[in-house]
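Here is how the chains run, residue by residue.
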Amino acid sequence: MATDPGLERVQRWMQTCILNQGTAEEAITSEPAQAAVPADQARELVLPSKTLAPLERLDIYREMYLLRMEEALATDYPALKHFLGDDEFMRLVARFVGVYPSRSYTLNRLGDHLPEFVATLDDLPKQEFCHDLARLEFALTMVFDEAETAPLSPEAVRAVPQEAWETARLKPIAAFRLLEFNYPVSQYLGGVDEENPYPRLARKKTWVVAYRRNFQVHRLDLSAPAYALLQALSSANTVGDAIIGVLTSKWRPAVKQSQLFEWFRDWMAEGLFQAVELADATKTPPPPEQPENEVDEAGEESFPASDPPAWNTTVAHDHK
Amino acid sequence: MANRWGYPDLGFGIGLRSVHFEHILKNNPTIDWFEVLSENYMDTGGRPLHVLDQVAERYPVVLHGVSLSVGSTDPVNFDYLKKLKNLAKRVNARWVSDHLCWCGVTGLNTHDLLPMPYTTEALRHTVERVRIIQDFIERPIALENASTYLEFAASTWPESEFLATIAEEADCGILLDVNNVYVSSFNHGFDPQEYINRIPRDRVVQMHLAGHTNKGTHILDTHSDYVIDTVWKLYRYAHRRLGGVATLLEWDANIPEFDVVHGEALKARTFREQEDRSAQAPELNEVPAYGD
């Protein structure tokens, strides 16, 4: 009668051997594997084929495991792999899955902890840059998978009474991530994705908003004051407070009110917000009755420059 | 409709893959149906689901999973099943399938289709889990024979009998992967035709075809190439033995253009028609056995 440790122990043994990154012999003699099936018994567990010994057959599964993990992480972190190179990236993958093996039914979430893991690896080449790059690529995967939320329409924006903007609050779409970096990682990603020139990999503060529009993931490089304004707007501050925050900050000399309006209009056009909540109401007001939406040449609704939110009044009041 | 649930012969489909999204939405290609990898659409609200919704409006869709882990000794994952059930309802899935395998234990997932020891204990365990799963999702599932690369000494059942018995006792369907029969027959040295002979005709709701990679000492089920002639012959044999059922061509690595993949799927139609016209029973020795 062949050896049969029982289904539960066989499965625990095989999984332990697959996750073990040593040789097959090291795997079956490891403490966790032997806790499931003692090594002597394990040697009898798998039949040989005409061409392969039992441990060689086990190795097929062991080798495919790491390749599968690498493929999944390379899909989510292509620029990090590009920077590190194939061998260093594979080393990173092996170390990562040793600490964070998949616990999900989908590989889409395998890399969720990679940025924080990279932050712990002091021996990784240009570790801080890699950490920033991993954070950016992780944000892009989150934006890719987020729930779809309809962006504010031009009509909904127009329906907000001019005097209501000062105390209104904007709610970003779900597929929205605002990021601050110490390295020009968005520019680096542009080099990988679009064959743009690569930046110097020296420390440099950069700011990015990642978002999804028409089911396509986009990222927009921001200036420091634009980042500050967008962060304030997306953090449930009133529009008035967000603007005053920027106009009373160190960027005051460089930022004009007209610049703020241009940003605001661009962000609305990019669909970064899903709702505007008014101080005396809790949701977006219904759009005014209009026969048709304005449609530009690309077939997309446009935000006219002729009716900006009235925040001149807001700026004139110094709430601070 | 040879199967007991009356699931239709959907014809000849291919797996829905993101590299073909644009082509499909733009060209509305004439194709019988699509098979969808369930897990790729469960946790996303992004483009894949948006595309799937449109595809499901235009074509019949079948859900095919890789993480059901029916043979695992871990508790059944009802969170996963809830999402699977919701997705099946959302896309009006004609049926739901996964593999006779386990993917992980102790809360982990290796994301592989790991082999079962074909023991009576494993059989009883799997039957019970399939029943639980079917009760929860309120529909029968079809279990696919996975390609395997090792055999356990403790096995007391031939794989085909193990699969057939689970299907009978749990009252579930079978997705017969003809390429996997060939791959495993090569790796383990069994007769692929005998394997097919043991599969109950009224349980088979679908067949799979795919290319593989022959490493010399063993074959890997890579879905990365055209179907080899021997597998086509085995498909003809399976068709004669089991009747016409929905057939799906899998191509998951080095994926060529849509028309190439679809063209490979349509070869199955040609082979089936040839087989239907043929008065003669196929020569058993047409299908090379182990190691050929």
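Residues numbered from 1 in each chain as written. Chains lettered and ligands numbered in written order. Predicted model: local features only at pLDDT ≥ 70, side-chain atom pairs only at ≥ 80, totals over all residues.

Enquirer: I would appreciate a short explanation of the sheet that holds strand β2 (residues 176-181) of chain A in the present structure.
Expert: The strands making up a sheet associate through backbone hydrogen bonding, with each pair oriented either parallel or antiparallel. All names here are of chain A. Overall, antiparallel pairing links the 3 strands, which are arranged β2-β3-β4 in an open sheet. Because the sheet does not close on itself, it has two edges, and the strands there are β2 and β4 (216-222). On average, each strand axis in the sheet is inclined to that of its neighbour by 20 degrees, with strand direction left out of account. Looking at chain direction, β2 and strand β3 (residues 206-213) are connected through 6 bridges and run antiparallel. By the bridge assignment, Arg177 is partnered in β3 with Ala210. Strands β2, β3 and β4 of the sheet are contacted by helix α9 (residues 127-145), whose axis makes an angle of about 175 degrees with β2. Against the sheet, helix α12 (residues 224-234) makes contact with β2, β3 and β4, and its axis sits at roughly 140 degrees relative to β2, the strand it touches most. (Pairing = 2+ DSSP bridges. Helix = DSSP H or I, 4+ residues; strand = E, 2+ residues; numbered from the N terminus. Axes fitted to C-alpha atoms, helices over the stretch in contact; angles between N-to-C directions. Contact = placed C-beta atoms within 7 Å.)

Enquirer: In this structure, what is going on with the interface of chain B and chain A? I would like to understand it.
Expert: Buried accessible area, meaning the area lost when the parts come together, often serves as the stated size of an interface. Of the residues lining the interface, 40 residues belong to chain B; the matching set on chain A comes to 42 residues. Counting only elements with at least two residues in the side of chain B that touches chain A, the list comes to α2 (47-58), α4 (120-137) and α6 (178-188) of chain B. Here the side of chain B that touches chain A takes 3 residues from α4(B), the largest share from any one element. Along the lines of polarity and charge, the residues of the side of chain B that touches chain A split into 13 nonpolar, 21 polar and 6 charged. (Nonpolar A, V, L, I, M, F, W, Y, C, P; charged D, E, K, R; others polar.)

Enquirer: Honestly, the sheet that holds strand β1 (residues 12-15) of chain B in this entry has me stumped. Any pointers?
Expert: Residues and elements named next belong to chain B. Read around the closed barrel, 8 strands run β1-β2-β3-β4-β5-β6-β7-β10, paired in parallel fashion. With strand direction ignored, the average angle separating the axes of adjacent strands in the sheet is 30 degrees. When strand β3 (residues 61-64) meets strand β4 (residues 96-100), the two strands line up parallel, connected through 2 bridges. Across the sheet, residue His64 finds its bridge partner in β4, namely Ser97. Across the sheet, helix α5 (residues 159-170) lies against β4, β5 (141-145) and β6 (173-177), angled at about 175 degrees from β5, the strand it touches most. Those strands touched by α6 are β5, β6 and β7 (204-210), and its axis lies near 65 degrees from that of β7.

Enquirer: I keep staring at α12(A) and nothing clicks. Help me out?
Expert: Each α-helix winds once per 3.6 residues, and so residues spaced three or four apart point in a common direction. Residues and elements named next belong to chain A. Most of α12 sits out of view: 8 of its 11 residues are buried. Among the residues of α12, those classed as buried are Pro225, Ala226, Tyr227, Ala228, Leu229, Leu230, Leu233 and Ser234. Where α12 is buried, its residues touch β1 (169-172), β2, β3, β4, α13 (239-247) and α14 (257-269). Just downstream of α12, Ala236 is the residue with a positive phi angle, here 70 degrees. (Buried ≥ 20, exposed ≤ 12 C-beta atoms within 10 Å, placed from the backbone.)

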